[in-house]
Amino acid sequence: MTEHTGEGGTGADSIEVVDAPGRGRFELRDGDRVIGVASYAIVPAGTVGDRERIVLFHTEVRPEYEGRGLAARLATHALDAAIGAGRDVVALCPYVKAYVQRHPEPYAAHVVPATQADVDAAERSA
């Protein structure tokens, strides 16, 4: 899924969110430039539960793009993608935790407490 916004950038509707699984992150892109990330680690099913888990551990948007709601767009995309893939969500990132608290529907029901396996996976991926 790719999302667009009409704000600024290298052209109309140039800001998009894409999953970059090889890098373990969702990327917020303005044309070819990565302007933000939501980093994650995947914990396989059976490691700590019956479902695969996505551990969201870091969200960042370049300072010159702050104040446009782009971090929220990034968090929404990451959470929607996790739920769509049938994954439980572990919110280690303070921004994602706060976002879920502000928007409990539909996200809070999919967020599970962190385990040591989740923390270890995030540390390996960082």
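Residues numbered from 1 in each chain as written. Predicted model: local features only at pLDDT ≥ 70, side-chain atom pairs only at ≥ 80, totals over all residues. Heavy atoms only, no water.

### With respect to the confidence of the model for the chain
For the chain, the mean per-residue pLDDT works out to 89, and 88% of the residues sit at or above 70. Long-range and interchain partners of residues 1-12, a stretch whose pLDDT sits below 50, account for 29 contacts in this model, where long-range means more than four residues apart. (pLDDT = per-residue confidence, 0-100. Contact = heavy atoms within 4.5 Å.)

### Some remarks on the nonpolar core
Counting residues in hydrophobic clusters, the biggest one holds 24 residues, and the most contacted among them are Phe26, Leu28, Ile54, Leu56, Leu79 and Val96. Of all the secondary structure elements, the ones that give two or more residues to this core are β2 (15-20), β3 (25-30), β4 (33-43), β5 (53-61), α1 (70-84), β6 (88-91) and α2 (94-102). Considering each element in turn, this core owes the most residues, 6 residues, to α1. Residues within four places of Phe26 in sequence aside, it is in contact with Val17, Val18, Asp19, Gly36, Val37, Ala38, Tyr40, Ile54, Leu74, His77, Ala78 and Ala81. One finds Ala41, Val55, Val90 and Ala122 within the second-largest nonpolar core, a separate group that totals 7 residues. (Core = buried A, V, L, I, M, F, W, Y, C linked by side-chain atoms within 4.5 Å. Buried < 20%, exposed > 50% of the residue type's maximum accessible area, 1.4 Å probe, protein only. Helix = DSSP H or I, 4+ residues; strand = E, 2+ residues; numbered from the N terminus.)

### Description of the environment of Ala114
By secondary structure assignment, the location of Ala114 is in the loop between α3 (104-107) and α4 (116-125). Taking relative accessible area as the criterion, Ala114 reaches 42% and is therefore assigned partly exposed. Sequence spacing of Ala114 and Arg53 is 61 residues, and the spatial spacing of their C-alpha atoms is 9.9 Å. Those residues in contact with Ala114 that lie beyond four places of it in its chain are Arg53, Val90 and Leu92.

### Focus on the environment of Thr47
Within the fold, Thr47 resides in the loop between β4 and β5. In this structure, the C-alpha to C-alpha distance between Thr47 and Asp118, residues 71 residues apart in sequence, is 9.3 Å.

### Comments concerning the pairing of β6
Here β6 shows two buried faces, one formed by Asp88 and Val90 and the other by Val89 and Ala91. Pairing analysis gives 4 bridges linking β5 to β6, with the strands arranged parallel. Across the sheet, Ile54 pairs through a bridge with Val89, a residue of β6. Note on the crossover from β5 through α1 to β6: the handedness is right-handed. (Pairing = 2+ DSSP bridges. Right-handed = clockwise from strand over helix to strand, strands pointing away.)

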